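Notes for the structure review
Read off the chains here:
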Amino acid sequence: MVNFADHVGPVLAMILVWFASTGLIAWAANRPRRTFGLSLVLGGAAGLIGLAAILVSSHSTAPWGAYASFAGALAIWGWHELSFLTGAVAGPRRGPSSGTTGGWRRFAEGTAAIIHHELALAATLVLLAWLVWDAPNRTGAEAFALLFILRLSTKLNLHVGVPNFSDELLPPHLHYLKTYFRRRPFGIALALSIAGTTALAAWLGWRAAGMAPGSGAATGASLSFALAALGVLEHLFVALPLRDGALWRWAVPTQAPNEIRGGGYGL
């Protein structure tokens, strides 16, 4: 049975946090570069607090434990995203694509532009899984795993080519990343990704509905469902002629038209 406390509340909380945190990170990454050091320190502190929240709440089976663990995962993820968008952790290649159309070489160039960020995310995921493997509350590790899988799927689709993408949140110092992605008609890769993420969200929703009412498990499962549903939405944004970046335009300075067209980056 679906009720507000166990299911609707967590979904609404997830949407609010997603909107606010994305805007905050975009704002910090688009400020003058002299502010990046302080932003990274504050983001790192938030990440450490998030790690502590995951550890402290890992033995709680109450709803607050699920919220705390989930918030901790988002704090850690946010720090990683900030480190990427400020250019602190990206990849050894810090310039545009050579323009090659060869599949493997183009993939290798794109990977070299972001590989350090991807390895940092993967290492963090392994660490979180190891820390809470036997704990009753693994909400934070599950959320981080979902973020990693869903974002990796989006990045791969941007590399293969998608009908639409936005780059309004991409800071000027990372505009070279636009050259690694391309537009192409709706294809089988994107279709399979949308079908797969939709099936995942549906399964997580079914799982959440079957959890014991009032339990932390029900809250955590609902948070995971909301996150997966937003992942489906992200994939739909690159398939449909929608400018999702407009949702956070309030968080970034106004740019000239030639600075906000063409290419995407796939957080």
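Source: prediction; values computed, not measured. (Residues numbered from 1 in each chain as written. Predicted model: local features only at pLDDT ≥ 70, side-chain atom pairs only at ≥ 80, totals over all residues. Heavy atoms only, no water.)

**As for the environment of Ser58**
Along the chain, Ser58 turns up in the loop between α2 (36-57) and α3 (63-85). Residue class for Ser58 comes out buried when judged on its relative accessible area of 4%. C-alpha of Ser58 to C-alpha of Asp134: the two residues are 76 residues apart in sequence and 9.2 Å apart in space. Side-chain polar atoms of Ser58 contact the backbone oxygen of Leu55, separated by 2.8 Å. (Helix = DSSP H or I, 4+ residues; strand = E, 2+ residues; numbered from the N terminus. Buried < 20%, exposed > 50% of the residue type's maximum accessible area, 1.4 Å probe, protein only. Polar contact = N/O pair within 3.5 Å; in protein donor to acceptor, adjacent residues only side chain to side chain.)

**Describing the confidence of the model for the protein**
When pLDDT is averaged along the protein, the result is 86, and 88% of the positions lie at 70 or above. When pLDDT is averaged over each element of the protein, α2 comes out on top at 96 and helix α1 (residues 4-29) at the bottom at 84. In this model, residues 256-267 is a region of pLDDT below 50 whose contacts with residues beyond four sequence positions or in other chains number 35 contacts. (pLDDT = per-residue confidence, 0-100. Contact = heavy atoms within 4.5 Å.)

**Things to note about a nonpolar patch on the surface**
Taken together, Leu55, Leu127, Trp130 and Leu131 make up a surface patch of nonpolar side chains, about 400 Å² in accessible area. Ranked by the residues each element gives to the nonpolar patch, the list is headed by helix α4 (residues 103-132), at three residues. Looking at the secondary structure, you find Leu131 in helix α4. For Leu131, a relative accessible area of 32% gives the class partly exposed. (Patch = residues over 30% accessible without salt bridge, like charges linked within 9 Å, V, L, I, M, F, W, Y side chains within 5 Å. Areas by Shrake-Rupley, 256 points an atom, 1.4 Å probe, with all protein chains shown as cover. Salt bridge = Lys/Arg side-chain N within 4 Å of Asp/Glu carboxyl O.)

**Observations regarding the nonpolar core**
Counting residues in each nonpolar core, the largest one holds 27 residues, and the members touching the most others are Met14, Ile54, Phe70, Trp77, Leu128, Phe144 and Leu227. Elements with a minimum of two residues in this core: α3, α4, α5 (139-160), α6 (188-209) and α7 (216-239). Take this core: its biggest share by element is seven residues, from α5. Discounting chain neighbours no more than four positions away, the residues touching Leu128 are Leu51, Ile54, Ile76, Ala141 and Phe144. (Core = buried A, V, L, I, M, F, W, Y, C linked by side-chain atoms within 4.5 Å.)

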